[in-house]
Amino acid sequence: MPSQQPLASKEASLFRNVLKFYETKQYKKGLKAAEQILKKNPKHGETLAMKGLLINCQGKTEEAFQIAKEALKQDMKSHVCWHVYGLLYRSQKNFDEAIKAYKMALRFEPDSQQILRDLALLQVQMRDYNGYIESRRLMVMSKPQIRQNWTGLAIAYHLAGNLSEAENVLTKYEETLKQPPPKTDLENSEAILYKNYIIGETGDYQKALDHLESISRIAVDKVAILEARAEYNLKLGNNEAAEKAYRVLLERNPEKRLYYTGLEKSLGVEGEERLKIYEELAEQYPRADAPKRIPLDFQEGDAFKSVAQKYLDWRLKRAAPSTFTSLKALYGDVAKRETLESLVDEFLAKTREEKPVENGENLTNGSSTPNNSVLIYTLYYLSQHHDHWRIRNTEKALSYINEALELAPDNADQGELRLGLARILKHAGDVRKAMEEMDNARQKDKSDRYYNTKCSKYMLRNDCNEEAINTMSLFTRNDVNGPLGDLLEMQCVWYITEDGESYVRQGKLGLALKRFHAVYKIFEDWTDDQFDFHSFSLRKGMIRAYIEMVRWEDSLWSHPFFRRAAVNAIKLYLLLNDKPHLAHGSLANGTGDDAVDFESLSTADRKKAMKKAKREAQKQEKAAAEAAAKAKDERKGGEEKKQDDDPLGAKLAQTTEPLEKALVWLKPLLEFSPTFLEGQTAGFDVYMKRRKYLLALKCLLAAHNIAPEDPVVHEQIVRFQNFLNSKPELSPTVKSIIDETFTLTPKEGSLAEFNEAYLSSHADSPRAAFSVVKARQALGASEGAELETLVFEALKKEGATLKDAVDGLALIKEIKGDVGRYTEEARQRWTKANVFEVKA
Amino acid sequence: MDIVLLHPSHIPHVQTCNITNLPENYFAKYYLYHALTWPQLSYVAIDLSKPSRSPHDPPKIVGYVLAKMEEEPVDGIPHGHITSLSVMRTHRRLGLAEKLMRQSQKAMVETFGAKYVSLHVRVSNKAALRLYKDTLQFEVEKVESKYYADGEDAFSMKQNLDFIWDAVKKEEAQFKKEDKKAEGEEKEGAPTGTGDEDEGDPVGDEGQEDKKPKEVMRKVKIGRALGVSDLVEKVEQPKASS
């Protein structure tokens, strides 16, 4: 439909220029031309719309929307105005509104391929598959000769779950081909494999196999064909064919476990025979690790000992630092880890015998002899063994690693071993010395980023944030956004998260939130990243990979990187909800040791403290702003970036609605990681505070399903029942739902008894004791001294870990127990842990 | 250690592995670009030392090779290119780099008909140089002056893929023979293709290429926000200018 406002020919040609300038990203020129038209025709809607679009490209979004609205007012029936309106919304990632606007545009210009394509891309991005199917169908109808259009429609059906229609569409296109495309046609090769992938998903393996064999000579992705052939045959019970296919695959890649399990299944082997298969394969592929390592998983007792010995011999003789890593997975099995220890001990004795350790002086010149490296890495294995968390004998671990260090001349091995030493110290809680040793390792080879990375990480563990970023900066690009800016840009999630957790430990809640939000932003970016591939992949034709990408994106927010940041952020927001003063300057050190005990102050003193804190905060912010300005000056010529108006995260921490902010994190956590225990327990806390009792109960029930005996779940059950016992005002529906579904506490007996019963049935667990303490507190049932005794007892339990002891310290502080005595007792058991040191 | 094809879900951990080991880093979208343009070519080594907490948890990556085909080869010969390769220090001396590389190279030949594969390495990176030269048998083609953003030179290295072509041809002949015989033969693996050399030297964890053209560095910084096609052009620029 033509515009309602035709232009004179001169202006019309100017308008065409505006479009051209926009497409070639010459926004200034475009704007100039648009203004020229508007001078004569100030109310020309489409020109106004284009002006809005161009202004938006210059970053002036608000103004752009105003102009675009004005444009629509002038020319309601112009597809250009609506299209622009949609593009503006799209640029703001408001995809729902963008889709609406595009649909309006299409109403006035139903044949526009451009608008249809833009609409389709948004629909698939938003997973509006029905809409996507419709748009794709229109595109096929308008240009049926283009294969991409058919493939696009098949994708739409496939993603919507309509496999048969997806297959049909692909077949229909194939039938239009007069002769088969040549083998060099990659798009064809992938399209036929894509069709096979769809048939495979229907579960009709016979049909899938037949189709596969019909294309196996044409498709060029050999691995895909071989894997599909193996899988289909196995599923169909064609064991001989499956076996053959798996053997071909193993020949290609003897380091893929899936092939071994496939081969085993196709052979149906058990017991002795099973081992024999692996012995044969190990002989066939002497350099492969898998056939030697896998039998350690399924053999037991003496049989285990025999395969383990062979494997250890092979690995230890090669002096590889990773031998322990390869075997760690077996350590859950007590018998196996004991066998491994005695075997390595034997190996060590033998190695020592073969070549008695020479005097240190003979070893200082030149690199270690091969035999010495065997000895060194056998000692290294034992140090890692004794440092394993199930064993954790720090003294033994240290003595082995120190012996190894003495043997290793000043060469590459030194770095490797210092890394091991630092790790042991970290596990023992001596984060300060661990950091120093890691820095030693780094100094051995400053060009190796791995050392640099680990050193920075250990600095963060020791809360030396400044040193950490300075160390990182030796490898980051510092000229544009500074080292931290580069790490954010390069989506270095581990660093951002560790930095945030360090700030949590230091009570710098604003900075901590700042970092966790940066992780959130990275996940948003990863979500947006897929957008371009909706069209790109159709052009490239690699459809199977595209489908895998879409499916991965659908579960992206379940990633452990996100979960870790989310749990942290939710805890902070809960804390800020209870103690908003923690958001303010020095009061934010509330979790630190030198914290002002804000809550015990009088009202007047609170006001004073608050004022002081605010003054300090202002000072800090000013300093940070100045530092940022200075850094910018130093990077002269650098691209002008948007100024961060909250570099310390103070605004984030001072939110007036912490619970709403917590929800932003909680929702994706519950939606995408429903079986993640910490997510459900965090959800319970948030919803209780928000007085959304049914939602809280839902989380509690889910958590109970995941881990019925978990201490946190127990504490929450008690708290929930206690809440119900307080006879809260609840609507009859809510009440009846709770009555029906919440049956986790016994009908008989008191809640306190229930709590104590849990304690006695989990007598070995320090965490259980802590949760009972918290539950007792919630019940208001016992005296401070009794609580304290429980925490002290927990400290002495055999299975108590350093982390338990640290949690206990926090709890002792919370119940205002004897912190001094607690740290003293903890220090006796964890002699190296810095957290229990006496402050000078 | 499992050696498997790079899957999109591996990317966050591959990215971590890369930024842990190497100075040349990329945003996730650039890895996606590889995985969705040449899905057959990139491989990862997966750590099996910890059972994952849930079946949906992505595995930890301890090594990877990120590879591509040269899209517009200057010499007109189809060839592959190693964008980045690294193995965690904790997993050295297992021959992982070589195992990853061989999988990638085979697919370069089979799927894309590559004749050779190229890569860049910092002239100062002795360990990587040894890996490529001695273990993987690459040859130094030339020195590219100031190739890296910090001004360091790069060795441009190459490996001829004839040895894989021979194996592939042998395999095909074998399959044809098998087809003719139809069935009834004893089970027997395909003839050995890649000669499995001894792994020898410690396998390095380096080797990479700078994706950041020197002249237009600042543009690349906002690259993640660009469309994929923009990404491609940016990537090709250093080639055209060198």
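Quantities reported herein were computed from a predicted structural model and do not represent experimental measurements.

**A short note on the overall build of chain B**
Part 1 of the argument: Helix and strand content of chain B: seven helices and seven strands.
Part 2 of the argument: Start at the N end of chain B and walk to the C end: the helices and strands fall as β-α-α-β-β-β-α-β-α-β-β-α-α-α.
Part 3 of the argument: Split into buried and exposed, the 242 residues of chain B put 51% on the buried side.
Part 4 of the argument: By sequence separation, contacts in chain B at least 24 residues apart represent 70% of the contacts at least 6 residues apart.

**Here we look at the interface of chain B and chain A**
Part 1 of the argument: Residue-level contacts link 58 residues of chain B with 57 residues of chain A.
Part 2 of the argument: The set of elements that each furnish at least two residues to the side of chain B that touches chain A consists of β1 (2–5), α1 (11–21), α2 (28–37), α3 (96–112) and α6 (217–221) of chain B.
Part 3 of the argument: In terms of residue class, the side of chain B that touches chain A is made up of 22 nonpolar, 20 polar and 16 charged.

**Side note on helix α40 (residues 711–725) of chain A**
Residue and element names in this part refer to chain A.
Part 1 of the argument: For α40, which comprises 15 residues, the first-to-last C-alpha distance of 21 Å matches the rise-based estimate of 21 Å (1.5 Å per residue) to within 8%.
Part 2 of the argument: The element α40 is extensively covered by neighbouring structure, given that eleven of its 15 residues are classed as buried.
Part 3 of the argument: Taken together, the buried positions of α40 are occupied by Pro711, Val712, Val713, His714, Glu715, Gln716, Ile717, Val718, Arg719, Phe720 and Gln721.
Part 4 of the argument: At the C-terminal side of α40, lysine 727 shows a positive phi close to 50°.

**Let's talk about the UniProt feature "repeat: TPR" (unreviewed entry) in chain A**
Part 1 of the argument: In the numbering adopted here, UniProt assigns the feature "repeat: TPR" (unreviewed entry) to residues 79–112 of chain A.
Part 2 of the argument: Between the C-alpha atoms that bound residues 79–112 of chain A there is a distance of 9 Å. The span itself is 79% helix and 0% strand.

**With respect to the nonpolar core**
Part 1 of the argument: Grouped together as the largest cluster of nonpolar side chains are 271 residues, with contacts concentrated most on Val84 and Val519 of chain A together with Ala45, Tyr64 and Leu100 of chain B.
Part 2 of the argument: Per element, the largest residue contribution to this core is ten residues, and it comes from helix α31 (residues 509–529) of chain A.
Part 3 of the argument: Setting aside chain neighbours within four positions, we find leucine 100 of chain B in contact with Ile3, Tyr43, Ala45, Gly63, Tyr64, Val65 and Leu85 of chain B.

**As for the sheet that holds strand β7 (residues 154–160) of chain B**
Residue and element names in this part refer to chain B.
Part 1 of the argument: Within the open sheet, the seven strands sit side by side as β1-β2-β3-β4-β5-β7-β6. Their pairing is mixed. Both outer strands of the open sheet, β1 and β6 (139–144), are each paired with one neighbouring strand and no more. Neighbouring strand axes in the sheet, compared pairwise and without regard to direction, differ in orientation by 25° on average.
Part 2 of the argument: In this sheet, β7 lies alongside strand β5 (residues 116–122) in antiparallel orientation, the contact comprising seven bridges. In the sheet register, valine 121 faces β7, and the bridge partner there is phenylalanine 155.
Part 3 of the argument: Relative to the sheet, helix α4 (residues 126–135) contacts β5 and β7, its axis offset from that of β5 by approximately 160°.

**A look at the confidence of the model for chain B**
All names here are of chain B.
Part 1 of the argument: On average, residues of chain B score 79 in pLDDT, and 72% of them are at 70 or above.
Part 2 of the argument: Every residue in residues 185–223 scores below 50 in pLDDT, and together they form 102 contacts with partners more than four places removed in sequence or on other chains.
Part 3 of the argument: A low-confidence stretch, residues 233–242 stays under pLDDT 50, and its non-local contacts, those more than four residues away or across chains, total twelve contacts.
Part 4 of the argument: Here the complex is predicted with pTM 0.89, and the ipTM for its interfaces comes to 0.91.

**Regarding the pairing of strand β4 (residues 79–87) of chain B**
Residue and element names in this part refer to chain B.
Part 1 of the argument: Most of β4 is tucked away: nine of the nine residues are buried.
Part 2 of the argument: Relative to β4, strand β3 (residues 61–69) is paired through seven bridges, and the arrangement is antiparallel. In the strand pairing of β4, leucine 66 is matched with serine 84.
Part 3 of the argument: Pairing analysis gives three bridges linking β4 to β5, with the strands arranged parallel. In the sheet register, glycine 80 faces β5, and the bridge partner there is valine 117.
Part 4 of the argument: Traced from β4 through α3 to β5, the parallel crossover comes out right-handed.

**Concerning the packing of helix α30 (residues 493–506) of chain A against α31 of chain A**
Residues and elements named next belong to chain A.
Part 1 of the argument: Packing of α30 against α31 leaves a shortest axis separation of 7 Å and a crossing angle of 155°. When the interaxial angle is binned, α30 and α31 end up roughly antiparallel. Considering the relative orientation of α30 and α31, their crossing is left-handed. On α31, the residues that touch Val493, Ile496, Thr497, Asp499, Gly500, Tyr503 and Val504 of α30 are Leu511, Ala512, Arg515, Phe516, Ala518, Val519 and Ile522.
Part 2 of the argument: Looking at the contact of α30 with α31 residue by residue, the class counts come to ten nonpolar, two polar and two charged.

**Notes on the confidence of the model for chain A**
Low pLDDT means the predicted coordinates in that region are not meant to be read closely.
All names here are of chain A.
Part 1 of the argument: Confidence along chain A averages 90 in pLDDT terms, with 93% of residues attaining 70 or more.
Part 2 of the argument: When mean pLDDT is compared element by element in chain A, helix α38 (residues 677–689) scores highest at 98, while helix α22 (residues 360–363) scores lowest at 43.
Part 3 of the argument: For residues 636–640, every residue scores under 50 in pLDDT, and the model assigns this stretch five contacts once sequence neighbours within four places are set aside.

**Quick word on the pairing of β7 of chain B**
Part 1 of the argument: With five bridges joining them, β6 of chain B and β7 of chain B adopt antiparallel strand pairing. What sits directly across from valine 143 of chain B, in β7 of chain B, is phenylalanine 155 of chain B.

**Side note on unusual backbone geometry**
Residue and element names in this part refer to chain A.
Part 1 of the argument: The phi dihedral of lysine 93 falls on the positive side, at around 60°, and the residue is not glycine.
Part 2 of the argument: By secondary structure assignment, the location of lysine 93 is in the loop between α5 (79–91) and α6 (95–108).
Part 3 of the argument: We note that aspartate 463 has phi near 55°; this positive angle belongs to a residue other than glycine.
Part 4 of the argument: Structurally, aspartate 463 can be placed in the loop between α27 (449–461) and α28 (465–472).

**So, the packing of α30 of chain A against helix α34 (residues 560–578) of chain A**
All names here are of chain A.
Part 1 of the argument: At a closest axis distance of 11 Å, the pairing of α30 and α34 adopts a crossing angle of 20°. Considering the angle they form, α30 stands roughly parallel to α34. Note on packing geometry: the crossing formed by α30 with α34 is left-handed. Residues Val493, Thr497, Gly500, Glu501 and Val504 of α30 lie in contact with α34, whose contacting residues are Phe561, Arg564, Ala565, Asn568 and Leu572.
Part 2 of the argument: Its residues assigned to classes, the contact of α30 with α34 shows five nonpolar, three polar and two charged.

Conventions used here
- Residues numbered from 1 in each chain as written.
- Chains lettered and ligands numbered in written order.
- Predicted model: local features only at pLDDT ≥ 70, side-chain atom pairs only at ≥ 80, totals over all residues.
- Helix = DSSP H or I, 4+ residues; strand = E, 2+ residues; numbered from the N terminus.
- Buried ≥ 20, exposed ≤ 12 C-beta atoms within 10 Å, placed from the backbone.
- Contact = placed C-beta atoms within 7 Å.
- Nonpolar A, V, L, I, M, F, W, Y, C, P; charged D, E, K, R; others polar.
- Expected span 1.5 Å × (residues − 1).
- UniProt positions renumbered as here; feature names shortened; annotations may be inferred.
- Core = buried A, V, L, I, M, F, W, Y, C linked by C-beta atoms within 7 Å.
- Pairing = 2+ DSSP bridges.
- Axes fitted to C-alpha atoms, helices over the stretch in contact; angles between N-to-C directions.
- pLDDT = per-residue confidence, 0-100.
- Right-handed = clockwise from strand over helix to strand, strands pointing away.
- Parallel < 35°, antiparallel > 145°, perpendicular 65-115°, else oblique.
- Left-handed = near helix turned anticlockwise from the far one by under 90°.

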